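Chain by chain, the residues run as shown.
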Amino acid sequence: MQLIFLGPPGAGKGTQAKIFLERAGIVQISTGDILRASVSKGTPLGLKAKSFMDQGALVPDDVVIGIIEQRIQEEDCKKGFILDGFPRTLEQAKALDEILAKRNIKMEHVINFNVPDEELIKRLLGRASQEGRSDDNPESIKNRLQIFKDKTQPLINYYEEKKILRHVDGVGTTDEIAERVKAVVGV
Ligand code: ADP
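The structure displayed is predicted, hence computed values, not measured ones.

1. Digging into unusual backbone geometry
A negative phi angle is the norm for most residues apart from glycine, just as the trans form is the norm for most peptide bonds.
And then number 1: Cis geometry is adopted by the peptide bond preceding Pro87, which originates at Phe86 and carries an omega value of -5°.
And then number 2: Topologically, Pro87 is positioned in the loop between strand S3 (81–84) and helix H5 (90–102).
And then number 3: In this structure, Asn104 is a non-glycine residue whose phi angle is positive, near 55°.

2. Description of the packing of aromatic side chains
And then number 1: With the rule as written, the count across this model stands at three aromatic pairs.
And then number 2: With a centroid separation of 6.2 Å and 65° between ring planes, the pair formed by Phe5 and Phe20 is classed as edge-to-face. Of this pair, Phe5 sits in strand S1 (residues 2–6) while Phe20 sits in helix H1 (residues 13–24), placing them 15 residues apart in sequence.
And then number 3: Residue Phe20 is classed as buried on the basis of its relative accessible area of 1%.
And then number 4: Among the aromatic residues, those joined into a ring-pair cluster are Phe5, Phe20 and Phe113.

3. A look at the site of the ligand
And then number 1: As a structural note, the neighbourhood of the ligand is formed by 19 residues, with Thr31, Arg36, Ala57, Gly85 and Arg127 the closest of them.
And then number 2: Residue Arg36 places a side-chain N or O atom 2.9 Å away from an oxygen atom belonging to the ligand.
And then number 3: Here the ligand loses 97% of its free accessible area of 550 Å² to cover by the protein chains.
And then number 4: The leading source of residues in the shell around the ligand is helix H2 (residues 31–41), at four residues.

Cut-off values and rules
- Residues numbered from 1 in each chain as written.
- Predicted model: local features only at pLDDT ≥ 70, side-chain atom pairs only at ≥ 80, totals over all residues.
- Heavy atoms only, no water.
- Helix = DSSP H or I, 4+ residues; strand = E, 2+ residues; numbered from the N terminus.
- Phe/Tyr/Trp six-rings, centres within 6.5 Å; stacked < 30°, edge-to-face > 60°.
- Buried < 20%, exposed > 50% of the residue type's maximum accessible area, 1.4 Å probe, protein only.
- Near = heavy atom within 4 Å.
- Polar contact = N/O pair within 3.5 Å; in protein donor to acceptor, adjacent residues only side chain to side chain.
- Areas by Shrake-Rupley, 256 points an atom, 1.4 Å probe, with all protein chains shown as cover.

Right under this line is the structure:
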């Protein structure tokens, strides 16, 4: 099974992806995690990505598209995968369609986690003090929410037209939200 977890920063995509993958026996592909791992290893990719990430800006499309194209060809993705944090722009979504079509892979569900801005800001500031992520500062958070509205929100229509968009209320306990995901996906 292939899914996309869509939603603004702080919507809980990563947390829900981890719960879902255990249940469904598939893998999570988080472009944010892959990029952060490259930054901490100091690879060329990491060096390129770091300044974008610290400002809360998007890493260029060709970079993240390349990451995804490689990653989904790995053996552990054969049983299915959740894309968490990708696609984030229409260009990325169109590139993903081509990548999947070439390999006869079907995207089944796009889960859109709805969370109001005030709640997102509260969560992201909380995460900043707990995890110390360098991009969870007020300036970067503001940028990331704005970029979500400008660049990522159009994907909601894009997937609605393809009839694979499902809405999930992202406010509640982790378990409550996991149950809502289960109800829409059936797993
Ligand atoms: P959040 O959802 O809280 O912003 P992520 O871990 O998904 O956290 O992303 C962190 C940062 O990594 C983003 O702000 C951006 O700089 C970069 N990034 C992750 N995924 C993408 C993507 N698909 N396209 C461009 N940049 C990305």
